[in-house]
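Coordinates in review
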Amino acid sequence: KLGNETAKAALGRATWKLMHTVTLRFPEHPTADEREALKSYFHLTSRLYPCGECATEFQQLLKKFPPQTSSRRAASLWLCRVHNEVNLRLKKPEYDCANLSTEYDCGCGDDPLNTTS
Ligand code: FAD
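Because the structure is predicted, anything quoted here is derived from the model rather than measured. (Residues numbered from 1 in each chain as written. Predicted model: local features only at pLDDT ≥ 70, side-chain atom pairs only at ≥ 80, totals over all residues. Heavy atoms only, no water.)

A few points about the site of the ligand
As a structural note, the neighbourhood of the ligand is formed by 23 residues, with R13, C80, H83, E103 and Y104 the closest of them. Within the side chain of K92, one N or O atom sits 2.9 Å away from an oxygen atom of the ligand. Interatomic distance of 2.7 Å between a side-chain N/O atom of E103 and an oxygen atom of the ligand. Secondary-structure elements contributing two or more residues to the shell around the ligand are α1 (5-24), α3 (52-64), α4 (72-89) and α5 (100-103). With 7 residues, α1 is the single largest residue contributor to the shell around the ligand. Classifying every residue of the shell around the ligand gives 11 nonpolar, 6 polar and 6 charged. (Near = heavy atom within 4 Å. Polar contact = N/O pair within 3.5 Å; in protein donor to acceptor, adjacent residues only side chain to side chain. Helix = DSSP H or I, 4+ residues; strand = E, 2+ residues; numbered from the N terminus. Nonpolar A, V, L, I, M, F, W, Y, C, P; charged D, E, K, R; others polar.)

A short note on α1
Compared with the 28 Å implied by 1.5 Å per residue over 20 residues, the 28 Å span of α1 between its first and last C-alpha is a close match. G12, T15, W16, M19, H20, T21, T23 and L24 are the residues of α1 that are buried. In this structure, the buried residues of α1 make contact with α2 (32-48), α3, α4 and α5. (Expected span 1.5 Å × (residues − 1). Buried < 20%, exposed > 50% of the residue type's maximum accessible area, 1.4 Å probe, protein only. Contact = heavy atoms within 4.5 Å.)

Observations regarding the environment of Q59
In this fold, Q59 is placed in helix α3. For Q59, a relative accessible area of 32% corresponds to the partly exposed category. Taking the C-alpha atoms as reference points, Q59 and T15, separated by 44 residues in sequence, lie 15 Å from one another. Every residue in contact with Q59, bar those within four places of it in the chain, is listed here: S46 and R47.

Given below as structure tokens:
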């Protein structure tokens, strides 16, 4: 049956926004526990995501591109590339990952990617 495309798109935008913001606030030098938490966060999101076809697709992407959790920068760029894989499949324009830190400035203080780490 035909899903509600408007609702599906709104859920997608909200989910991407949250996930990108999470990676851009992830510690620059994460502990093993923090790294495990981020990995679990993506795997659980891919299992629980309400849009079935999206969830299946996300699970396959996680297998092909395992989450990178070694640093804020690694995690942010990894998710940007995964999102670009989804963009490609949905015939959306590729996003320039150089814009991440300005696009997802949550107003919480420091510039997320402008670090020496
Ligand atoms: P979105 O892709 O939602 O992006 C929102 C904003 O994020 C963009 O306007 C841009 O400013 C920014 N952005 C774009 N690309 C990147 C990037 N690479 N890195 C950082 N920021 C970026 N929809 C389907 O119809 N079928 C699916 O199978 C499907 N699978 C999905 C799987 C997942 C895990 C998620 C979270 C969503 C999925 N969606 C799917 C929804 C889809 O990805 C879009 O969210 C939705 O179509 C709305 O698209 P949009 O053009 O508003 O931009």
